[in-house]
Amino acid sequence: MSWAEVQTRSELYRGQTVRNVTNISRRRYRQGAGKNRRPGTDRIMQHDKILDESDGIKVKVDSAALSNQRQAPTDFSNIYSKDLLPASGGEEVTKEFLQELLNVLLGYICKTNQRSTKVLDYHHPHQLKEGLEGFTLQLTDQPETLEQILVDCRDTLKYGVNSGHPRFFNQLSSGLDLIGLAGEWLTSTANCNMFTYEVSPVFILMEEVLLKKMQDIVGWSKDEGDGLFCPGGSISNLYSILVARYHFYPEVKTRGMRALPRLALFTSEHSHYSIKKSAAVLGFGSENVIVVKCDERGKMIPVELESSIIAAEEKDLVPFYVNATAGTTVYGAFDPLDAIADICHRHDLWMHVDAAWGGGLLMSDRHRMKLKGIERAWSVTWNPHKMMGVPLQCSVILIKKRGLLQECNELGAEYLFQRDKPYDVSYDTGDKSIQCGRHVDVFKFWLMWKAKGSQGFGSQVNKCLENAEYLYDELQRRAGFELVFEHKPEHSNVCFWYIPPSLRVLPPGPERDAKLHHVAPRIKHRMMEKGSTLVGYQPFGDKVNFFRCVFSNPATQQEDVDFLLNEICQLGENL
């Protein structure tokens, strides 16, 4: 048995105790499984498992698999990266090294889907910086062996957060799609750059196919639409503001902001902070982002938007851009897109829809009506790495007017974008981007679409929202929980308070709120120490800290929702 298999299998089962596992694994690897065991090792052979109790590790191994472990594994303790390909004669050791790495990854993937395993093995920053059980973050002048490299790979996974675990509810991006993972592996193997067709012919065409498909789903006609895959939704939102400004004031590209009047942007008080950050980056200033009031559900109020536009004009500001949100980060609310589009049309404003979180609902026949009016947007942000489960990162900016991205950003660097190439140079899409080098984010998404089809994505979205509805119902049924707002969830966000028994006797008011504000952070701290599950919390406006549970992992079942609520009760009962 290889050292990697000992390490990964040793953690696949509950009841483990891992002490100095790195050193144990190295020692076993060098000795070979079952050979030259040190004195005192009580090795007990059973029909379907091996227990090596002297090392403090309980390992369960299929006995049939052991029969295939006759060949002694490669000893990597004296092998270095220089011995791998392209080194002469390095083919075999390269295969063996990658196979050992694959064993580590497969062990982790299998553990991801076992509910008896932890979501995280939490350590404070100073502990990780000082080093744990042979794992150190410090870099050395001399190369380390491939054995140490494999140990480092394993320990990096061990001390990280398992965001693919069915009980990870902390972020909008979760789950581990194996087809997407395969796509990411292939992407890294190809190691191509997305600026020209000559270096990424297949990936460039895949991007075109995906963008057209998404534009069609949004509802744009076939002669409309352009776009790019971007490094995250914040950058996609930045593109929308950048292109909107160029559309109204193309002179900004050469003359800068001094040639422009004082411009104003509008977004809701529940919108993502990237709108203000983009305004700061692009030179508008965050003070010129006008925040529009929302209703109790978190939706932008159209009347408030129009009055804000008029008020800005009276202050000699020039409105030009409105951001509507389809799926807010905290409440999961959908702004009334048709009403906002009417206002933008009346005032000749650029309408952008930030559907980074909610765009995935367009794949569901059951839920796509929540984005009614998105087809009237001039630009759309959509993050497939959220509700569609594509591995990070995968975000798209869609621009309705074709050619605008190119005009806004192109500079025609002659070492890349020559006009006399032997193919249609419109496929050299790199000059649409503010980047030069651009990572290939399209293949994993394309491959997942091939594997699932549009219907598969729709079913995945439906499952996540069903989990949210189940949580919503359970919160109303169970004692000790209160919803932040009474409305049924539109998205997979569910926001709630846990009220410990000590606070249930207090009437609602400032005293209770002051104490309740500390409950969610203290439960979260205990939750992280235990590592059994993970869920986010935050205050919002005048509301004290509350839990925000989100569902984007199709592996999550109702039993996991029950586990979360039971765990919160157990961890917070004595607060």
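Rules and cut-offs
- Residues numbered from 1 in each chain as written.
- Predicted model: local features only at pLDDT ≥ 70, side-chain atom pairs only at ≥ 80, totals over all residues.
- Heavy atoms only, no water.
- Helix = DSSP H or I, 4+ residues; strand = E, 2+ residues; numbered from the N terminus.
- Buried < 20%, exposed > 50% of the residue type's maximum accessible area, 1.4 Å probe, protein only.
- Contact = heavy atoms within 4.5 Å.
- Areas by Shrake-Rupley, 256 points an atom, 1.4 Å probe, with all protein chains shown as cover.
- Core = buried A, V, L, I, M, F, W, Y, C linked by side-chain atoms within 4.5 Å.
- Domains from an automatic or database assignment.
- Phe/Tyr/Trp six-rings, centres within 6.5 Å; stacked < 30°, edge-to-face > 60°.
- Lys NZ or Arg CZ within 6 Å of the ring centre and 35° of its normal.
- UniProt positions renumbered as here; feature names shortened; annotations may be inferred.
- Axes fitted to C-alpha atoms, helices over the stretch in contact; angles between N-to-C directions.
- Parallel < 35°, antiparallel > 145°, perpendicular 65-115°, else oblique.
- Left-handed = near helix turned anticlockwise from the far one by under 90°.
- Nonpolar A, V, L, I, M, F, W, Y, C, P; charged D, E, K, R; others polar.
- pLDDT = per-residue confidence, 0-100.
- Pairing = 2+ DSSP bridges.

Colleague: It is not clear to me how the overall build of the protein should be interpreted in this structure. Could you clarify?
Modeller: The helix and strand tally for the protein stands at 18 helices and 15 strands. Across the 575 residues of the protein, 52% fall into the buried class. Restricting the contact set of the protein to residue pairs at least 6 apart, pairs at least 24 apart contribute 72%. Accessible surface, the protein: about 26300 Å² in total, of which carbon and sulfur atoms supply 52%.

Colleague: Help me out: how do you make sense of the nonpolar core in this one?
Modeller: Nonpolar side chains tend toward joint burial in soluble globular proteins. Ranked by internal contacts, the top residues of the largest apolar core, which has 97 residues, are Val 353, Phe 445 and Phe 496. Here the element with the most residues in this core is helix H15 (residues 442-477); it accounts for 14 residues. Residues from two domains meet in this core; each of domain 2 (193-440) and domain 3 (450-572) gives at least three. If sequence neighbours within four positions are ignored, Phe 496 has contacts with Leu 471, Leu 475, Phe 481, Glu 482, Leu 483, Val 484, Phe 546, Phe 547, Cys 549, Leu 565 and Ile 568. Core analysis: the next-biggest nonpolar cluster, separate from the first, contains 27 residues, Leu 238, Leu 242, Leu 263 and Tyr 321 among them.

Colleague: I keep staring at unusual backbone geometry and nothing clicks. Help me out?
Modeller: The linkage connecting Leu 85 with the following residue, Pro 86, adopts the cis geometry, with an omega of 15°. By secondary structure assignment, the location of Pro 86 is in the loop between helix H3 (63-66) and helix H4 (91-112). Located in the positive-phi region is Asp 316, a residue other than glycine, with phi close to 65°. With respect to the helices, strands and loops of the structure, Asp 316 is situated in the loop between helix H12 (302-314) and strand S8 (318-325).

Colleague: Explanation requested: the packing of aromatic side chains in the structure shown.
Modeller: Two aromatic rings, taken as a pair, are described by how far apart their centres are and by the angle between their planes. Overall, the coordinates contain 23 aromatic pairs when judged by the stated rule. Here the aromatic rings of Phe 248 and Trp 378 are separated by 6.2 Å at their centres, their planes lie at 25°, and the arrangement is stacked. On the criterion of sequence distance, the pair formed by Phe 248 in helix H9 (residues 233-248) and Trp 378 in the loop between strand S9 (350-355) and strand S10 (379-382) is long-range, its members being 130 residues apart. Since its relative accessible area comes to 23%, Phe 248 is described here as partly exposed. Overall, the relative accessible area of 26% leaves Trp 378 in the partly exposed class. Aromatic side chains Trp 350 and Trp 378 sit 5.2 Å apart centroid to centroid with 75° between the ring planes, which places their arrangement in the edge-to-face category. Placement of the pair is Trp 350 in strand S9 and Trp 378 in the loop between S9 and S10, with a sequence separation of 28 residues. Grouped by ring-pair contacts, the aromatic residues Phe 248, Phe 284, Phe 320, Tyr 321, Trp 350 and Trp 378 constitute a single cluster. A cation sits over an aromatic face here: Arg 167 above Phe 563, 3.9 Å from the ring centre.

Colleague: Which parts of the structure should I look at to understand the UniProt feature "modified residue: N6-(pyridoxal phosphate)lysine" (unreviewed entry) in the protein?
Modeller: Per the UniProt record, the feature "modified residue: N6-(pyridoxal phosphate)lysine" (unreviewed entry) sits at Lys 386. If we ignore the near neighbours within four places in the chain, the residues touching Lys 386 are Leu 172, Ser 173, Ala 356, Trp 357 and Ser 552.

Colleague: Please explain the packing of helix H8 (residues 201-218) against H15 as it appears in this structure.
Modeller: Two quantities define a packed helix pair, namely the angle between the helix axes and the distance between the axes. Two numbers describe how H8 lies on H15: the axes approach to 9 Å, and their chain directions differ by 55°. Considering the angle they form, H8 stands oblique to H15. In the crossing of H8 with H15, the sense of the turn from one axis to the other is left-handed. Of the residues in H15, those in contact with Phe 203, Met 206, Glu 207, Leu 210, Lys 213, Met 214 and Ile 217 of H8 are Val 442, Phe 443, Phe 445, Trp 446, Trp 449 and Ser 454. In terms of residue class, the contact of H8 with H15 is built from 10 nonpolar, 1 polar and 2 charged.

Colleague: So what exactly am I meant to see when it comes to the confidence of the model for the protein here?
Modeller: Low pLDDT means the predicted atomic positions in that stretch should not be read closely. The share of residues in the protein with pLDDT of 70 or more is 88%, and the mean pLDDT across the chain is 90. In the predicted structure, residues 1-25 sits below a pLDDT of 50 and forms 67 contacts with residues beyond four places in sequence or in another chain. In this model residues 63-67 is a low-confidence stretch, pLDDT under 50, and it forms 6 contacts with partners more than four residues away in sequence or in other chains.

Colleague: What am I meant to see in the environment of Met 257 here?
Modeller: Within the secondary structure, Met 257 is located in the loop between helix H10 (252-255) and strand S6 (263-268). For Met 257, a relative accessible area of 28% corresponds to the partly exposed category. As a C-alpha pair, Met 257 and Leu 282 span 25 residues in sequence and 9.0 Å in three-dimensional space. Among residues more than four places away in sequence, those in contact with Met 257 are Arg 245, Val 252, Leu 282, Gly 283 and Phe 284.

Colleague: Can you help me understand helix H13 (residues 337-347) in this one?
Modeller: An α-helical turn contains 3.6 residues, so any two residues separated by three or four positions project in the same direction. Three or more residues of H13 are buried, namely Leu 337, Asp 338, Ile 340, Ala 341, Ile 343 and Cys 344. Close packing links the buried residues of H13 with H12, S8 and S9. Phi turns positive, to about 55°, at Asp 348, one or two residues after H13.

Colleague: What am I meant to see in the sheet that holds S8 here?
Modeller: Where strands meet in a sheet, backbone hydrogen bonds hold them as pairs that are either parallel or antiparallel. Read across the open sheet, the 7 strands follow the order S5-S11-S10-S9-S8-S6-S7; overall the sheet is mixed. The open sheet has two edge strands, strand S5 (226-230) and strand S7 (289-292), and neither has a second partner. Direction aside, the axes of adjacent strands within the sheet are offset by 20° on average. As defined by bridge partners, S6 adjoins S8 across 5 bridges and the pair is classed as parallel. Bridging across to S8, Thr 267 finds its partner in Asn 323.

Colleague: Please explain the sheet that holds strand S13 (residues 494-498) as it appears in this structure.
Modeller: Strand order in the open sheet made by the 5 strands is S4-S14-S15-S13-S12, with mixed pairing throughout. Of all strands in the sheet, those with a lone pairing partner are strand S4 (168-169) and strand S12 (481-483), marking the two edges. Sitting on the sheet, helix H17 (residues 519-530) touches S13, strand S14 (534-540) and strand S15 (543-549), and the angle it makes with S14 is about 160°.

Colleague: Can you walk me through the packing of H4 against helix H6 (residues 146-159) in this structure?
Modeller: The interhelical angle for the contact between H4 and H6, taken along N-to-C directions, is 15°, at an axis separation of 10 Å. The angle between H4 and H6 falls in the class roughly parallel. The two elements H4 and H6 meet at a crossing, and its hand is right-handed. When H4 is examined against H6, the residues Phe 97, Glu 100, Leu 101, Val 104, Leu 105 and Tyr 108 are found in contact with a partner set consisting of Leu 146, Ile 149, Leu 150, Cys 153, Arg 154 and Leu 157. Class assignment of the residues belonging to the contact of H4 with H6 gives a composition of 10 nonpolar, no polar and 2 charged.

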